[in-house]
Amino acid sequence: MEATSCPQCGSKAVVPIVYGLPGEELIAGSVAGEVELGGCCVGPHDPEFHCRACGNKWRVSAPWHPNRASGPL
Ligand SMILES: [Zn+2]
């Protein structure tokens, strides 16, 4: 995985935030401090990374539109 640094403080102590129902591997990673669990409900502007040094949270992907997933009816 490519190393990500915090845009606020420049720290490399950055963990990805994983959304959805975690499996055993993700839970173990969360306990080990390798990932952060964001919960099962993800919004279009929810952060993707968490800096463990300064507590900053941010996302790198463009926000998705909630209505796009449902499609035309
Ligand atoms: Zn930071």
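Our subject is the structure that appears above.
A. Region of the structure containing the sheet that holds strand β1 (residues 14-19). In spatial order, the strands read β2-β1-β3-β4; together these 4 strands make up an open sheet with mixed pairing. This sheet does not close on itself; its edge strands, each paired only once, are β2 (36-39) and β4 (57-58). Looking at chain direction, β1 and strand β3 (residues 49-51) are connected through 3 bridges and run antiparallel. Pairing of Val14 across the sheet is with Cys51, part of β3.

B. Here's a closer look at helix α1 (residues 24-32). In terms of burial, α1 is largely open, as just 0 of its 9 residues are buried. A positive backbone phi angle near 85 degrees is found at Gly33, which sits one or two residues after α1.

C. Just the pairing of β1, in detail. Pairing of β1 with β2 involves 3 bridges; the strand directions are parallel. Of the residues in β2, the one forming a bridge with Tyr19 is Gly39. The parallel pair β1 and β2, bridged by α1, forms a crossover whose chirality is right-handed.

What counts as what
Residues numbered from 1 in each chain as written. Predicted model: local features only at pLDDT ≥ 70, side-chain atom pairs only at ≥ 80, totals over all residues. Pairing = 2+ DSSP bridges. Helix = DSSP H or I, 4+ residues; strand = E, 2+ residues; numbered from the N terminus. Buried ≥ 20, exposed ≤ 12 C-beta atoms within 10 Å, placed from the backbone. Right-handed = clockwise from strand over helix to strand, strands pointing away.

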